[in-house]
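Structural description and commentary
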Amino acid sequence: MKYSRTLKRSISKWLFRLFALLLTLLFAIDYGQAQIVSPHPVKSWQIQGISTALDDPNPRIQAEALEKAVEYDLNESEFLKIIPESRIAQIAVLLDSESNEVREVAIKVIGQMGEVATEQAPKLVELLEARNSLIRKLAAEALGRIGDGAKAQIPKLLELMQDRSPGREVSNVAAVALGSMGDAAKAQIPKLLELLQDQEGNARSEALATLERMRETAKSSAPAIAALLKDPTLNSRLKLKIVYLLVQWGKATPEDAFRLIEPLGSGSNDTQIAAAKALGQMGETAKGVVPKLVELLQDPESDFNLRWGIAMALRQMGKVAQEQIPQIVTLLKHPNPDIREAAERILRKMGEIAKEQIPQIVALLKHPNPDIRGAAARVLGNMGETVKEQLPQLVKLLQDPNPEVRKSAVYALGQMGVAAAEAIPQLVQSLGNPVFYAEQWAIINSLGAIGQAIGEYPPELIELLDNPNSLLRSRAVLALGRMEEAAKDAVLKMSELLEDNDPKVRRATLQGLRFMGKSAQNAAPKIAKLLDDPDSAPTELPENWPDYESQKSIRELAIEVLRDMGEGAKAQIPQLVKLLEDPEVGSIAALALARIGMPAKDYAPQIVAFVSKQPAGTLLSPDNDLSRRRSVVLDLEKMGPLDKEIALALLNAIYVPPPFDFSSRFKYTLERKNSFFAKVRFYAYYLCSTDPDAVTLIQWLGQPQEYPSISNREEGIQILQAFANSWESSEPFPEVRQDLAVQTAKVVSQGEWQIDDLPLLRTHYNHLKQGDFKPQAETLREALDRFGAWRKFKYRLFQLFGLSYPQIHLTLNSLCSEQI
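What you see is a predicted model, and the numbers here were worked out from it, not measured in a lab.

1. Structural notes on the packing of aromatic side chains
One pass over the structure, following the stated rule, counts ten aromatic pairs. A centroid spacing of 6.1 Å and a plane angle of 35° characterise the contact between Phe304 and Trp308, whose relative ring orientation is tilted. Of this pair, Phe304 and Trp308 both sit in helix 19 (residues 304–317), four residues apart, which is roughly one turn of the helix. For the residue pair Phe304 and Trp308, the accessibility class agrees, reading buried in each case.

2. Regarding unusual backbone geometry
Among all residues except glycine, the phi angle is most often negative; among peptide bonds, the trans geometry is most common. Between Gly640 and the following residue, Pro641, the backbone shows a cis peptide bond with an omega angle of 0°. Locating Pro641 in the fold gives a position in the loop between helix 37 (632–636) and helix 38 (644–655). Residue Glu484 is not a glycine yet carries a positive backbone phi of 55°.

3. Remarks on the packing of helix 41 (residues 713–726) against helix 42 (residues 734–750)
Here helix 41 crosses helix 42 at 155°, and the two axes come no closer than 10 Å. Taken together, the axes of helix 41 and helix 42 lie roughly antiparallel to each other. Two packed elements cross with a definite hand, and for helix 41 against helix 42 that hand is left-handed. Counting all contacts with helix 41, which are made through Gly716, Ile719, Leu720, Phe723 and Ser726, the residues of helix 42 involved are Leu740, Gln743, Thr744, Val747 and Val748. Split by residue class, the contact of helix 41 with helix 42 holds six nonpolar, four polar and no charged.

4. Section: a negative patch on the surface
Taken together, the side chains of Glu76, Glu115, Asp148 and Asp183 define an acidic patch exposed on the protein surface. The topology assignment puts Asp148 in the loop between helix 8 (133–146) and helix 9 (154–161). The exposure class of Asp148 is partly exposed, given its relative accessible area of 43%.

5. Some remarks on the environment of Gly374
Take Gly374: it is sitting in helix 23 (residues 370–381). For the pair Gly374 and Val405, spaced 31 residues apart in sequence, the C-alpha separation works out to 4.6 Å. For Gly374, the contacting residues outside a window of four places in its chain are Val405 and Ser408.

6. Description of the nonpolar core
Ranked by size, the top nonpolar core spans 273 residues in total, and within it Ile83, Leu279 and Leu314 carry the most contacts. When near neighbours in sequence (up to four residues on either side) are disregarded, Leu279 contacts Ala257, Leu260, Leu264, Ala286, Val289, Leu293, Ala313 and Met317.

7. Focus: the side chain of Glu439
Mapped onto the elements of the fold, Glu439 is located in helix 27 (residues 437–454). Take Glu439: its relative accessible area is 5%, and that puts it in the buried class. If sequence neighbours within four positions are ignored, Glu439 has contacts with Pro403, Arg406 and Lys407.

8. Things to note about the packing of helix 18 (residues 290–297) against helix 19
With their axes 9 Å apart at the nearest point, helix 18 and helix 19 run at an angle of 145° to one another. In the packing of helix 18 onto helix 19, the handedness of the crossing is left-handed. Taken together, the residues of helix 19 that come into contact with helix 18 (itself represented by Val290, Leu293, Val294, Leu296 and Leu297) are Leu306, Arg307, Ile310, Ala313, Leu314 and Met317.

9. What about the pattern of salt bridges?
If you walk through the whole model with that rule in mind, you get 37 salt bridges. One salt bridge in this structure joins Glu284 and Lys287, with 3.9 Å as the shortest N-O distance. You can call Glu284 exposed: its relative accessible area is 56%. For Lys287, a relative accessible area of 32% gives the class partly exposed. Between Glu295 and Lys292 there is a salt bridge; the shortest N-O distance is 3.9 Å. With Glu295 and Lys292 both in helix 18 and three residues apart, the pair spans about one turn of that helix. Judged by its relative accessible area of 46%, Glu295 is partly exposed. Within the structure, one salt-bridge network assembled from shared partners comprises Arg514, Glu560, Arg563 and Asp564.

Reading guide: rules and limits
- Residues numbered from 1 in each chain as written.
- Predicted model: local features only at pLDDT ≥ 70, side-chain atom pairs only at ≥ 80, totals over all residues.
- Heavy atoms only, no water.
- Phe/Tyr/Trp six-rings, centres within 6.5 Å; stacked < 30°, edge-to-face > 60°.
- Helix = DSSP H or I, 4+ residues; strand = E, 2+ residues; numbered from the N terminus.
- Buried < 20%, exposed > 50% of the residue type's maximum accessible area, 1.4 Å probe, protein only.
- Axes fitted to C-alpha atoms, helices over the stretch in contact; angles between N-to-C directions.
- Parallel < 35°, antiparallel > 145°, perpendicular 65-115°, else oblique.
- Left-handed = near helix turned anticlockwise from the far one by under 90°.
- Contact = heavy atoms within 4.5 Å.
- Nonpolar A, V, L, I, M, F, W, Y, C, P; charged D, E, K, R; others polar.
- Patch = residues over 30% accessible without salt bridge, like charges linked within 9 Å, V, L, I, M, F, W, Y side chains within 5 Å.
- Areas by Shrake-Rupley, 256 points an atom, 1.4 Å probe, with all protein chains shown as cover.
- Salt bridge = Lys/Arg side-chain N within 4 Å of Asp/Glu carboxyl O.
- Lys, Arg positive; Asp, Glu negative; His and termini not counted.
- Charge placed at Lys NZ, Arg CZ, Asp CG, Glu CD.
- Core = buried A, V, L, I, M, F, W, Y, C linked by side-chain atoms within 4.5 Å.

Okay, here's the thing in structure tokens:
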């Protein structure tokens, strides 16, 4: 039994830690509303690249172009500058694509275009019944964006909202669509209130969801919704929805606050979050429920879920729960560890609101239970400047016999920021203690936080850089690195450790400089010297401190530090370019060069050429070891616009595709292959469309879905000229050059050429002959031979009429087009 309780407590703690970050993010966003992303600036060359890609006949490439346009997240009028209204019919065709990915993008774009896409509203309503759930969701959102333009579809949406088919979410997405229309759906509020009386199926729930999305537009329906709370058939989930709506509209009552207790104990995270946030937003209206929440919090019969929900609620309520803070503080020493942990979470969130209880919390720093001492320290730390007078008591805990208590004291000092500046000497001294790695890492992080807060680095850390103890040197340089901009003036001194005899110190120094990013650029010359460091990665590392000692070699770390400096490492670009030839670090060097951006633009062809030749096809994949969270191509966007050399290098990746899982179904394998090819071709358009030759190459090379037609001689000349201009650039890519030879012969065989075209044809013939492309060279030879026959004919005329050669040439030009 004792083991079971211990296991349960352990699992509970881990669950809390797992969800902590998620909850923080969710509370930062309005419930039920998407986070608004700041628009990215869009340049004329990027618009040209998107537009050119949309002219490609391959729908997958069109979808890639549309996806890129959506990324900018512009308002409707700005978006229409990238994807004009004239494109609607083209995009509408993609709504019927067999590929879900293509359809998804098309729906997003239709929605982004807003009311100008009104004619597509009926099609979007059809897609509400699609099998794919994401397509249904996107279609609903698109209808909402179209707004007034989708008014004609409201009857159909109301009908779908009453769909009772099991396992289908049609009613839900229809409700989302209608609710997203806002004022356009205002006239339907009476119908929605009518549906609230429907106790069967999902209609009641979907009506509430619609009213919720309508926000202020539906505020007048508050009395009718509140009356529904008296319905005995109403389940707790619907009660929560109703109360949440009333809270949003400022119509909630104290009685409603008590209705939220039940959903606080729900096993569903979303439900608990909604209930807790509703209580927090009710303000003084919910004050009466606080004693009940605290009572349930300390009830041994309350399960983990309920305590979790109550803790969230009280944290959200803040000052409203102030009168109960003394009682919550007493729970810090409750015999039940789960109750103690819940109380700690509440008080840490309240921070300075609990300042009147500081003496009681400080007294717990001497409690015989180390868990209670640690909790009290963490609570005090979250009060910041308010507990400055208690600094000596927290500093004393740095000598506590329990490592978790020491770590808690370190955490608390780091949270206090400027108020903990006087504790820096004691923290620095603690760096020398032979303690757990996790505790040392906590000290390093706290020193970094305090340094950032006060805006300068402590001289005590600089002194440790010369300490004979290599472990202390390593810890000191990491702590300085954690101070980031505040330690900028210490970079040169830190960089001296890059020449340390101990490879662990060199690694720690690189880690510290990497934390500083661009602020460490003064160390770039010394970092560059490590690009030839022969030291390999260590084989035995402390398991508890993976960030302190890296598995990577010193060379890899050095490249990554330069990469994170961005333009600050521009002087090291030539050295990084040389590393592209190194099989061990070439991939990391390529990404570093791309991340440096514009200063490395002259080397863009070499960067892309290297990546495109990798057998794993790592050019665009988001999850390979080369990408390190971003792909080389995405970073090349900083260098744009680019030219035909980049286009050729990108297209080369198509001839060396990534290995696909042939054990899976052929259709799935082909889907991945086609998707990869489309992405490569799109980025070639996107980055290089300002170069007309590049556009021609993309249209003809790299296995396009459909080859362009040649309608006249001028077009053929333009194509052949682009091919001729690119022949030399294709030399590093044998497969590309082979394709270029084939397409050259194809274009020549399709055209009707004139005498003036002879120099261009000879150029291509020489290219093909010297490149040993015999079949293609023969095609060019046949065209040239026809010109040879024409020359003999003119020479005979010259002999017959006694005319000069120029006279014959001018005479024939005036009589015929000289076509062969």
